[in-house]
Amino acid sequence: MKLQIGLMLTLLFASNATMATEYVYRDLMANTIPTASCFAENEAKAIAEKPYTVDRFSKRFCQFQGYGWHVDAIKNNGKMVCTDCKTGASDKKQCHLEDVIVTCKRIKPGSVGMLPGKS
């Protein structure tokens, strides 16, 4: 048993295969979408800046970049912008975040896996 573990460790350290994965990073700035319904100003602001909402839109921003892009970090949640609803009630608002900055990443092409003609 010890011989097998020693042999496996020797082969692992002696192999030329690289275990590190390289990534390509991209910073994006985008806006979230206002809520569909009208709420009181405090409630509308709370809904717009919920961590779930920010995470969901950040994920969407990266996915729109193409296949394989994922959220690496949310750098800035942006600023809150509220507008009056067109229903006639002046106390109802729709809020969203502007200028949300997100860092997206994807695996660098050719850094992982087997490439034809290379060993």
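Structure report, in brief. (Residues numbered from 1 in each chain as written. Predicted model: local features only at pLDDT ≥ 70, side-chain atom pairs only at ≥ 80, totals over all residues. Heavy atoms only, no water.)

1. A few points about the sheet that holds strand β4 (residues 79-84)
Our working rule: Here, strands pair whenever DSSP counts at least two bridges between them. What counts as a helix is a DSSP run of H or I of at least four residues, what counts as a strand is a run of E of at least two, and both are numbered from the N terminus.
Across the sheet, three strands lie side by side as β2-β5-β4; this open sheet has antiparallel pairing. Two strands lie at the open edges of the sheet, namely β2 (39-40) and β4, each paired on one side alone. Note that β4 and strand β5 (residues 92-98) share six bridges and pair antiparallel. Looking at β5, one finds that K79 is bridged to E98.

2. Comments concerning the packing of aromatic side chains
In plain terms, the rule: Any pair of Phe, Tyr and Trp rings, taking the six-membered ring for Trp, is counted once the centres come within 6.5 Å. Such a pair is stacked with planes under 30 degrees apart, edge-to-face with planes over 60 apart, and tilted for the rest. Relative accessible area decides the class of each residue, using a 1.4 Å probe on protein chains only: under 20% of the type maximum gives buried, over 50% gives exposed, and in between gives partly exposed.
Within the structure shown, the criterion is met by two aromatic pairs. Plain terms: the ring middles of Y23 and Y25 are 6.3 Å apart, the flat faces sit at 50° to each other, and that makes the pair tilted. The partly exposed category is assigned to Y25, whose relative accessible area is 49%.

3. A closer look at helix α3 (residues 51-63)
Put simply, the rule is: The span you would expect from a helix comes to 1.5 Å times its residue count less one. Working note: the arc is built from the helix axis to C-beta atom directions. Whether two residues are in contact is decided by their heavy atoms: any pair within 4.5 Å suffices.
With 13 residues, α3 should cover 18 Å at 1.5 Å per step; its first-to-last C-alpha distance of 18 Å lies within 8% of that length. Within α3, burial applies to T53, V54, F57, S58, F61 and C62. Buried positions in α3, seen along its axis, are confined to an arc of 160° and lie on one side of it. If you follow the buried residues of α3, they end up packed against β1 (23-30), α2 (41-48), β3 (70-76), β5 and β6 (100-107).

4. Quick word on the sheet that holds β3
The condition that has to hold: In this analysis, axes come from line fits to C-alpha atoms, helices being fitted only over the stretch in contact, and the angle between any two N-to-C directions falls in the range 0 to 180 degrees.
Spatial strand order, β1-β6-β3: three strands in an open sheet with antiparallel pairing. Edge positions in the sheet fall to β1 and β3, since each of these pairs with one other strand and no more. The sheet shows a mean angle of 25° between the axes of neighbouring strands, taken without regard to direction. Two strands pair when backbone bridges link them, and β1 and β6 are joined in this way by eight bridges, in the antiparallel orientation. What sits directly across from L28, in β6, is V102.

5. A short note on the pairing of β5
Inspection of the sheet shows β2 paired to β5 by two bridges, in the antiparallel sense. Across the sheet, F39 pairs through a bridge with K93, a residue of β5.

6. Considering a nonpolar patch on the surface
The line we're drawing: Any residue with relative accessible area above 30% and no salt bridge may belong to a patch, with like charges joined within 9 Å and the nonpolar Val, Leu, Ile, Met, Phe, Trp and Tyr side chains within 5 Å. Using the Shrake-Rupley algorithm and a 1.4 Å probe, accessible areas are obtained, with residue cover drawn only from the displayed protein chains. Here, a salt bridge means any Lys or Arg side-chain nitrogen found within 4 Å of an Asp or Glu carboxyl oxygen.
Taken together, Y23, Y25, I107 and V112 make up a surface patch of nonpolar side chains, about 390 Å² in accessible area. When its relative accessible area of 46% is taken as the criterion, V112 is described as partly exposed.

7. Brief notes about the environment of D84
Which entries qualify depends on this criterion: Polar contacts here mean pairs of N or O atoms no more than 3.5 Å apart (in protein, one a potential hydrogen donor and the other a potential acceptor; neighbouring residues in sequence count only if both atoms are side-chain atoms).
Turning to its location among the elements, D84 is positioned in strand β4. Residues D84 and E41, spaced 43 residues apart in sequence, show a C-alpha to C-alpha distance of 9.2 Å. In terms of polar contacts, D84 uses its side chain to reach the side chain of K93, at 2.6 Å.

8. So, the state of the cysteines
Note on terminology: disulfide describes a covalent bond linking the sulfur atoms of two cysteines. Selection criterion: Any two cysteine sulfur atoms lying within 2.5 Å of each other are counted as a disulfide.
The tally for this structure, following the rule as stated, stands at three disulfides. A sulfur-sulfur distance of 1.9 Å marks the disulfide that ties C38 to C85. Its S-S torsion of about -120° marks the bond between C38 and C85 as left-handed, since a negative value means left-handed. Separated by 47 residues along the polypeptide, C38 in the loop between β1 and β2 and C85 in the loop between β4 and β5 bring together distant segments of the chain. Look at C85 and you get buried, because its relative accessible area is 10%. Each disulfide in the chain links cysteines that, numbered along the sequence, combine into the pattern 1-4, 2-6, 3-5.

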